[in-house]
Amino acid sequence: MRVQQGVSFILILQLISLLFFLCPYGSQCIPHNDVKGFIFEKINNNTMAPEISPSVEPQPFLPLLAPSPSIPISNSSLPKLSGLCTLNFSAAESFVSTTATDCWASFAPYLANVVCCPQFDATMVILMGQYSKYSGMLNLNTTNAQHCLSDFEKILETQGANRNLKTICSIHPANLTEASCPVVDANKFESIVDSSKILTACGKVDPVKECCQQVCQNTILDAAKKIAMDGMVSMPENSTRIDDCKSIVFRWLASKLDPSSANSVLRALSNCKVNKVCPLVFPDMVNVTKECGYTISNKKACCKAMESYVSHLQEQSFITNLQALNCAASLGMKLQKANVSQNIYDLCHINLKDFSLQESGCLLPSLPLDVNYDKTSGIGFICDLNDNIEAPWPSASFVPAGSCNETSKLPARPTAKPSQATAGFQVKELIVPLLLSSSLVLTALI
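Residues numbered from 1 in each chain as written. Predicted model: local features only at pLDDT ≥ 70, side-chain atom pairs only at ≥ 80, totals over all residues. Heavy atoms only, no water.

It is worth spelling out the side chain of Asn-275 at this point. Within the secondary structure, Asn-275 sits in the loop between α12 (259-274) and α13 (286-292). Reaching out from Asn-275, the side chain makes a polar contact with the side chain of Thr-320 at a distance of 2.7 Å. At 2.8 Å, the side chain of Asn-275 forms a polar contact with the backbone oxygen of Ser-366. (Helix = DSSP H or I, 4+ residues; strand = E, 2+ residues; numbered from the N terminus. Polar contact = N/O pair within 3.5 Å; in protein donor to acceptor, adjacent residues only side chain to side chain.)

For the largest pocket, the calculated volume is near 1,100 Å³. Along the wall of the largest pocket there are 39 residues; nearest its centre are Asp-121, Lys-246, Ser-247, Phe-250 and Lys-273. For the lining of the largest pocket, the secondary structure elements donating two or more residues are α4 (108-135), α10 (215-228), α11 (240-256) and α12. With 9 residues, the single largest contributor to the lining of the largest pocket is α4. (1 Å grid on protein atoms, 1.4 Å probe; cavity = no way out; pocket = protein on both sides within 12 Å on 5 of 7 lines; lining within 4 Å. Points joined across faces, edges and corners; volume = space filled by probe spheres on them.)

Let us look at empty space enclosed by the protein. For the coordinates displayed, the defined rule picks out 4 cavities of 30 Å³ or more. Empty space within the largest cavity amounts to approximately 60 Å³. For the largest cavity, the full set of lining residues is Val-193, Asp-194, Lys-197, Ile-198, Thr-219, Asp-222, Ala-223 and Lys-226. Elements represented by at least two residues in the lining of the largest cavity include exactly α8 (195-202) and α10. Broken down by element, the residue count for the lining of the largest cavity peaks at 4 residues, all from α10. A per-class count over the lining of the largest cavity returns 3 nonpolar, 1 polar and 4 charged. (Nonpolar A, V, L, I, M, F, W, Y, C, P; charged D, E, K, R; others polar.)

For the rest of this paragraph, the subject is the confidence of the model for the chain. Per-chain confidence: the chain averages 78 in pLDDT, with 70% of residues scoring 70 or above. Every residue in residues 42-76 is under pLDDT 50, and counting partners more than four places away or in other chains gives 93 contacts. Segment residues 411-446: pLDDT under 50, and 52 contacts once partners within four positions in sequence are set aside and those in other chains are kept. (pLDDT = per-residue confidence, 0-100. Contact = heavy atoms within 4.5 Å.)

Bringing the packing of α4 against α11 into the picture now. The N-to-C vectors of α4 and α11 enclose an angle of 70 degrees; their axes lie 7 Å apart at closest approach. Judged on the interaxial angle alone, α11 and α4 are roughly perpendicular. The interaxial crossing formed by α4 with α11 has right-handed handedness. Within the contact between the two elements, α4 uses Val-125, Ile-126, Met-128, Gly-129, Gln-130, Ser-132 and Lys-133 and α11 uses Phe-250, Arg-251, Ala-254 and Ser-255. (Axes fitted to C-alpha atoms, helices over the stretch in contact; angles between N-to-C directions. Parallel < 35°, antiparallel > 145°, perpendicular 65-115°, else oblique. Left-handed = near helix turned anticlockwise from the far one by under 90°.)

We note that Ala-179 has phi near 55 degrees; this positive angle belongs to a residue other than glycine. In this structure, Gln-214 takes a positive phi of about 55 degrees despite not being glycine. With respect to the helices and strands, Gln-214 occurs in the loop between α9 (209-213) and α10.

Our next topic: the packing of aromatic side chains. Working definition: an aromatic ring pair is given by the centre-to-centre distance plus the angle between the planes. Across all of its chains, the model carries 10 aromatic pairs by this definition. Seen from their ring centres, Phe-89 and Phe-152 are 6.0 Å apart, and the 15 degrees between their planes marks the pair as stacked. In this pair, Phe-89 sits in the loop between α2 (35-44) and α3 (93-102) while Phe-152 sits in helix α5 (residues 142-158), placing the two residues 63 residues apart along the sequence. Phe-152 shares its class with Phe-89; the two are buried. An aromatic cluster of at least three residues, connected via ring pairs, comprises Trp-104, Phe-107, Phe-318 and Phe-381. (Phe/Tyr/Trp six-rings, centres within 6.5 Å; stacked < 30°, edge-to-face > 60°. Buried < 20%, exposed > 50% of the residue type's maximum accessible area, 1.4 Å probe, protein only.)

On to the pattern of salt bridges. This model, assessed by the stated rule, comprises 6 salt bridges. Among the salt bridges present, the one from Glu-157 reaches Arg-163, with a minimum N-O distance of 3.5 Å. Take Glu-157: its relative accessible area is 32%, and that puts it in the partly exposed class. Of the residues examined, Arg-163 reaches a relative accessible area of 61% and is grouped as exposed. When the shortest N-O distance is used, the salt bridge between Asp-370 and Arg-267 registers 3.0 Å. Of this pair, Asp-370 sits in the loop between β3 (363-364) and β4 (372-374) while Arg-267 sits in helix α12, and the two are 103 residues apart along the sequence. Residue Asp-370 shares its accessibility class with Arg-267, and that shared class is buried. (Salt bridge = Lys/Arg side-chain N within 4 Å of Asp/Glu carboxyl O.)

Structure, rendered in structure tokens:
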């Protein structure tokens, strides 16, 4: 299956008939357009957080989203919250919905590294920032953190998100506490750090320039070191305490920015880190080294082994174009260490897109990306760099590709035309398990 340049990679899953099965006559199903507002109205009535409004009205990246049409919401499926969480989920309502779509049920594991988990983390930071506005605190205690994380997961699941996000994104209640950071009071925080310096460096972040110049990142690190040193004489350079304090700095920053600006900054900073590494797990390459090692005697056998190996990588996740460069280099270096000296990428026509999920080889853009929801076409996202661009065989002077690595030159990427951005291709490999799970639901109902 081939995907055209720059097209929107859309999963078409309307399952209209399933709506009628799950909303039988006599049940009180909520109209599709009213679902989101109905959910948050119920949440507001079942939370301890006071009614507050951000100083600036949030500007969501996406229109107000309802859950996927394949997951109709009825009164019986509204989230049953603990009533013990002090976070005001409505304060970041649009980003809760964005997170649910970015972490949509069956896509979440495949978009976890690039889209889902970065947005999940950003939304939690925004919620904590909004909480500090009326509490004066930049942390939750352990018990409250457990209730809030559980409630957040339930809200996301009700809107169509994957139910295992804690596992997929490695999120724990401790992520909402202070962990080992000694400063959690907002006033004390501001008495220690240079607040104006943080706001100047991080109030607005260019997602490309920041990865190069690291102005905001360095300012965050400096502030984290200062509060981490509170009550201490010295501390190891790579202490986990500094990382814990960076979370506190992010929450404080989110409290000073409107939610939309905070989300942009947090996603941009996350993206700098995401593009520096290859997220793929490389399985044992014994068959490749056997057929391609030393002097290649049988080109056909070598390429067959290599193609089989790459097919296993394609089952893991979608990656960005810069991650693909890192993955190609990482695998090439591993092969070279295993005595595969010839450029088998060139020999076997291995392309950058071959490192991404499925035969289509959709590579995601290197800039922050969100999944889109459309009533007509369903869930979709934009692919980038779908050309057959040969994967570069690494040299001894290889430097990991990143958003600011000037030595890693990507070929000119095609730009999607407006007409192309609405076109889509079905993801057959993902549709099948989704349809299967839907049929199991119907069987259970019957």
